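# Geometric and topological summary
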Amino acid sequence: MSAMRWYSSILTRHPFLTNMLTTGSVFFLGDMLSQQAVERKRTKHDLERTVRSVGVGAVYIAPLVTFLYNLVDKCFGPSQAPLNAIKKIGLFSVFSPLTSGGFVVINSLLQRKSADYITKQLREDVPRIVLTGYKVWIPTHFLLLTLIPLQHRVLLSNTVGVLWTTYMTHAAHIHSHQATE
């Protein structure tokens, strides 16, 4: 059985759990790349940060993104026509601050950061992360929504998500890193 068929069969039987596990894996890879390739931590890898990122990805991002993919298909139908995809992307764009902002806030809460710190992140970091996200996700969603069947969108968006998560976990931890220096 091919890997894609195996994944499809697991996804059909356990869609919620499968999306949580694949998204958690993406956040694991993304944070590993962020710490090792971008921040060059080498032997000073922050395992607690990686665990937090995986947890937030699996428990918050995966259910939210799965819900959003289903919502846009219910609102606009399953058509993969380009005009329909543009409408869906508009809806995703509205929810983008919720996914990126939620990731930053939950991560900060798990680190027991102060309300002032979180407010500063919401004011300074989240807008930058969201705007960068539009540059990545608008073209990605156009391709996903015009070419990829609903049940495979989370898996394929997770492919792009590894690179996005590398950026997002790094961006979400910039203040945390600066505060400890």
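For every chain, the first residue of its written sequence is number 1, and the numbers climb from 1 along that sequence. The predicted nature of this model means local features are confined to residues of pLDDT at least 70 and side-chain atom pairs, given and counted, to a pLDDT of 80 or more, with totals for whole chains, interfaces and linings taken over all residues. With hydrogens and water stripped out, all remaining heavy atoms of the structure feed into the side-chain values.

## A look at the nonpolar core
What is meant by a nonpolar core is a set of buried Ala, Val, Leu, Ile, Met, Phe, Trp, Tyr and Cys residues, joined one to another through side-chain atoms within 4.5 Å. Burial here depends on accessible area, computed with a 1.4 Å probe over protein chains only, as a share of the maximum for the residue type. Under 20% is buried, over 50% is exposed, and the range in between is partly exposed. Residues Tyr 69, Phe 92, Phe 103, Val 104, Ile 129 and Met 168 are the most contacted members of the largest nonpolar core, which totals 25 residues. Aside from chain neighbours lying at most four places away, what touches Phe 92 is Leu 68, Tyr 69, Val 72, His 141 and Leu 145. We call two residues in contact when some of their heavy atoms are within 4.5 Å.

## What about the packing of helix H4 (residues 82-110) against helix H5 (residues 115-147)?
Between H4 and H5, whose axes approach to 7 Å, the crossing angle comes to 145°. As H4 packs across H5, the resulting crossing turns out to be right-handed. Each residue gets one of three labels, nonpolar for Ala, Val, Leu, Ile, Met, Phe, Trp, Tyr, Cys and Pro, charged for Asp, Glu, Lys and Arg, and polar for the others, Gly among them. For the contact of H4 with H5, a count of residues per class yields 19 nonpolar, eight polar and one charged. Here an axis means a line fitted to C-alpha atoms, over the contact stretch when the element is a helix, while the angle between two N-to-C directions is reported on a 0 to 180 degree scale. Runs of E in the DSSP output that reach at least two residues are strands. Runs of H or I that reach at least four are helices, and both are numbered from the N terminus. Handedness of a helix crossing follows the sense of rotation of the near helix relative to the far helix, less than a right angle counterclockwise being left-handed and clockwise being right-handed.

## Observations regarding the packing of H4 against helix H6 (residues 153-172)
Look at H4 against H6: their axes get within 12 Å of each other, and the N-to-C directions meet at 45°. Considering their axes alone, H4 and H6 lie oblique with respect to each other. The way H4 lies across H6 gives a crossing that is right-handed. Taken together, the residues of H6 that come into contact with H4 (itself represented by Lys 88, Ser 100, Phe 103 and Val 104) are Arg 153, Trp 164, Met 168, Thr 169 and Ala 172. When its residues are assigned to classes, the contact of H4 with H6 shows five nonpolar, two polar and two charged. When an angle is under 35 degrees it counts as roughly parallel; over 145 it counts as roughly antiparallel; between 65 and 115 it counts as roughly perpendicular; any other value is oblique.

## Section: the environment of Pro 63
Topologically, Pro 63 is positioned in helix H3 (residues 47-76). Separated by 43 residues in sequence, Pro 63 and Met 20 place their C-alpha atoms 7.0 Å apart. Residues within four places of Pro 63 in sequence aside, it is in contact with Phe 16, Met 20 and Ala 58.

## Section: the pattern of salt bridges
Only one rule defines a salt bridge in this text: a Lys or Arg side-chain nitrogen within 4 Å of an Asp or Glu carboxyl oxygen. Enumeration over the complete set of coordinates arrives at six salt bridges. Note that Asp 31 and Arg 49 form a salt bridge whose closest N and O atoms lie 2.7 Å from each other. Within this pair, whereas Asp 31 is found in helix H2 (residues 15-38), its partner Arg 49 is found in helix H3, the two being separated by 18 residues in sequence. Judged on exposure class, the residue Asp 31 and its partner Arg 49 are both buried. Salt-bridge contacts for Asp 125 lead to Arg 128; the nearest nitrogen and oxygen are separated by 3.0 Å. Here Asp 125 and its partner Arg 128 are both found in helix H5, three residues apart, which amounts to about one turn of the helix. Of the residues examined, Asp 125 reaches a relative accessible area of 3% and is grouped as buried. Classification of Arg 128 by relative accessible area gives partly exposed; the value is 32%. One continuous salt-bridge network, built from bridges that share partners, spans Asp 31, Glu 39, Lys 41 and Arg 49.

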